[in-house]
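# Remarks on the overall topology
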Amino acid sequence: MTILKAGADAGNNALKLWVKDKEPVLIPTVYSLYMGDTAEVMDMDDIAEDELLANIDVTINSKALSFNGQRYIIGEKVLSDNLSGIELEKKSDKSKDEIPVIVTFAGLAIEAIKDNFNKDSIEVTYDLSVALPVGTITQESSKRHAERFMGTHEVIFHHPSGRNVTVTIKIVYCKCLPEGAAAAWGVVYDENGKLSERKVEVGNSIMKVDFHNKTLLHFDIGSGTTEIVVTEGVKYNPHLSEGLNYGVKQTINEIIKIWNRKNPRKSIDSMAEFNEIYFDTEHPRHNDLVTESKTGLLQLSQQISSSIINKIDDLKDDPYVFIYGGGAAILKDYLQQILKQKDRMTNVTFLNQPMYVNARGLLVYTCSPRYEQQKEKELGTAANGPKSK
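In what follows, the accompanying structure is described. (Residues numbered from 1 in each chain as written. Predicted model: local features only at pLDDT ≥ 70, side-chain atom pairs only at ≥ 80, totals over all residues. Heavy atoms only, no water.)

### What to know about the overall build of the protein
A tally of helices and strands in the protein yields ten helices and 16 strands. A compact globule built from 389 residues would reach a C-alpha radius of gyration of about 21 Å, and the protein, at 21 Å, matches this within 12%. A principal-axis box enclosing the C-alpha atoms of the protein has dimensions of 70 × 65 × 35 Å. Here the protein, with 389 residues, has 52% of them falling under the buried criterion. Contacts in the protein between residues far apart in sequence, at least 24 positions, make up 68% of those at least 6 positions apart. Of the roughly 18800 Å² that the protein leaves accessible, carbon and sulfur atoms contribute 45%. Positive and negative charge centroids in the protein, built from 45 and 54 side chains respectively, lie 5 Å apart. (Helix = DSSP H or I, 4+ residues; strand = E, 2+ residues; numbered from the N terminus. Rg over C-alpha atoms; globule rule 2.2 N^0.38 Å. Buried < 20%, exposed > 50% of the residue type's maximum accessible area, 1.4 Å probe, protein only. Contact = heavy atoms within 4.5 Å. Areas by Shrake-Rupley, 256 points an atom, 1.4 Å probe, with all protein chains shown as cover. Lys, Arg positive; Asp, Glu negative; His and termini not counted. Charge placed at Lys NZ, Arg CZ, Asp CG, Glu CD.)

Encoded structure:
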């Protein structure tokens with residue numbers, strides 16, 4: 001039995017999913033219940049393989065959900081079809097909310113369909129890692145969240161042609177880590193367990209170092225929360241870590257309110273729609289939205305930069321600082337300017353692909369010997385092996 005390895009970071013803005021040996025995918029964390037078509041669908045084709053993510057129309061059956069057999073429109077299709085979307089609340093408890101589960105199952109199913117595009121019935125098996133915010137994660141919530149994913153689940157993808165593809169997803173084991181701490185695995189190691197090296201400046205020289213025994217300070221700026229995490233290599237230090245109960249979502253919601261008041265015929269109706277416009281430089285409303293957002297994002301950057309500077313000063317000795325997350329993608333230019341002005345850019349790195357850093361860390365962890373040890377301890381099974389004696 002082949003077990004695919006995956007990391008799923010289901011944030012307030014989007015699910016970031018990374019399956020080993022594949023490209024990461026992003027699905028906006030928004031859905032709408034399917035109520036039927038307003039007009040007869042005629043002579044429609046199957047969705048093309050490279051368009052699956054933009055056209056997620058699925059029915060999900062799972063013990064993790066309150067309502068089984070429910071049909072969902074998910075992600076970009078909610079926006080393109082101009083549907084009323086349901087998103088995570090600002091203070092949502094992701095260990096109990098069903099939206100992260102719904103979107104994750106959809107993403108895992110889409111990845112399986114890509115590999116078996118012409119099949120109507122697919123079975124796929126995963127090992128998975130997920131994450132919860134530092135400020136709310138407990139041993140109990142971590143265990144409860146992971147257990148929701150474990151077991152067998154059914155996702156039926158509905159093509160407009162009328163063809164249905166049934167994907168049976170078996171998740172053998174799932175582990176839940178603190179956000180930020182999860183990312184450390186992707187900073188220190190690659191998917192094959194090899195230490196990663198990064199260029200740093202030492203005096204007037206540039207040299208490569210690995211971080212397996214270094215003090216790392218992580219700032220994971222998300223939509224609903226911001227994680228300030230300290231690790232020694234990949235070892236999480238909960239005593240020096242903390243979670244801020246805000247990210248970019250509250251500020252963006254205020255920007256949306258002001259935008260909608262000024263542009264009632266061009267209203268933005270969700271975080272997902274805001275992101276679509278803000279990050280698409282070719283969108284006809286992009287420039288206007290960027291201009292409207294500047295003051296609010298600058299204010300938020302000043303607030304977050306104060307937390308960054310205070311934590312750097314608390315740790316002393318110029319720790320290696322990594323800044324990432326969906327919020328970092330929006331605030332990077334402002335934060336860099338403020339940190340340079342206050343002479344706090346020593347050893348500070350804004351990681352590439354900031355939205356996917358946690359997902360990659362979760363994937364690397366899922367591929368690690370540590371994961372296999374936890375799996376065998378809890379399930380009594382080794383990966384791809386028989387039950388232990």
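Still to come is the rest of the account.
### Focus: the sheet that holds strand 13 (residues 226-232)
What the five strands build is an open sheet, ordered 14-13-12-15-16; its pairing is mixed. With one partner strand each, in any of the chains shown, strand 14 (235-244) and strand 16 (348-350) form the two edges of the open sheet. Pairwise comparison of adjacent strand axes, ignoring direction, gives a mean angle of 20° for this sheet. (Pairing = 2+ DSSP bridges. Axes fitted to C-alpha atoms, helices over the stretch in contact; angles between N-to-C directions.)

### With respect to the pairing of strand 9 (residues 164-178)
Taking burial as the measure, the 15 residues of strand 9 include eleven buried ones, the bulk of the element. Across twelve bridges, the pairing between strand 7 (residues 121-132) and strand 9 is parallel. In the sheet register, Val-130 faces strand 9, and the bridge partner there is Cys-176. Pairing of strand 8 (residues 151-158) with strand 9 involves eight bridges; the strand directions are antiparallel.

### Some remarks on helix 6 (residues 271-279)
For helix 6, the tally of buried residues reaches seven of nine residues, placing the bulk of the element in the interior. Of all the residues in helix 6, the buried ones are Met-271, Ala-272, Glu-273, Phe-274, Asn-275, Ile-277 and Tyr-278. Elements in contact with the buried residues of helix 6: strand 3 (25-28), helix 1 (76-80), helix 5 (249-262), helix 7 (286-315) and helix 8 (326-341).

### Things to note about the layout of surface pockets
Computed from the structure, the largest pocket encloses a volume of approximately 610 Å³. Gln-139, Ser-142, Lys-175, Cys-176 and Leu-177 are the residues nearest the centre of the largest pocket, which is lined by 24 residues in total. Put simply, the parts of the chain that give the lining of the largest pocket at least two residues each are helix 3 (139-149), strand 9, helix 4 (181-188), strand 14 and helix 10 (369-379). Top element by residues in the lining of the largest pocket is strand 9. It accounts for six residues. By residue class, the composition of the lining of the largest pocket is 14 nonpolar, four polar and six charged. (1 Å grid on protein atoms, 1.4 Å probe; cavity = no way out; pocket = protein on both sides within 12 Å on 5 of 7 lines; lining within 4 Å. Points joined across faces, edges and corners; volume = space filled by probe spheres on them. Nonpolar A, V, L, I, M, F, W, Y, C, P; charged D, E, K, R; others polar.)

### Section: the environment of Lys-214
Relative to the helices and strands, Lys-214 resides in the loop between strand 11 (205-210) and strand 12 (215-221). Considering only alpha carbons, one finds Lys-214 and Asp-115, 99 residues apart in sequence, at a separation of 39 Å. Separated by 3.2 Å, the side chain of Lys-214 and the backbone oxygen of Asp-210 make a polar contact. (Polar contact = N/O pair within 3.5 Å; in protein donor to acceptor, adjacent residues only side chain to side chain.)

### What to know about the pattern of salt bridges
In total, this model carries 18 salt bridges according to the counting rule given. For Lys-77, the salt bridge is made with Asp-81, and the minimal N-O distance between the two is 2.9 Å. (Salt bridge = Lys/Arg side-chain N within 4 Å of Asp/Glu carboxyl O.)

### A short note on the packing of aromatic side chains
Applying the stated rule across the entire model yields eleven aromatic pairs. Seen in terms of ring centroids, Tyr-31 and Tyr-72 are 5.3 Å apart; in terms of plane orientation they differ by 85°. Their pairing is edge-to-face. Linking Tyr-31 in strand 4 (residues 31-33) with Tyr-72 in strand 6 (residues 70-74), this pair joins segments that are 41 residues apart in sequence. For Tyr-72, a relative accessible area of 3% translates into the label buried. On the numbers, 5.6 Å between centres and 75° between planes, the contact of Tyr-278 with Phe-279 is edge-to-face. Linked through ring pairs, Tyr-173, Trp-185, Tyr-189, Tyr-365 and Tyr-371 together constitute an aromatic cluster. (Phe/Tyr/Trp six-rings, centres within 6.5 Å; stacked < 30°, edge-to-face > 60°.)

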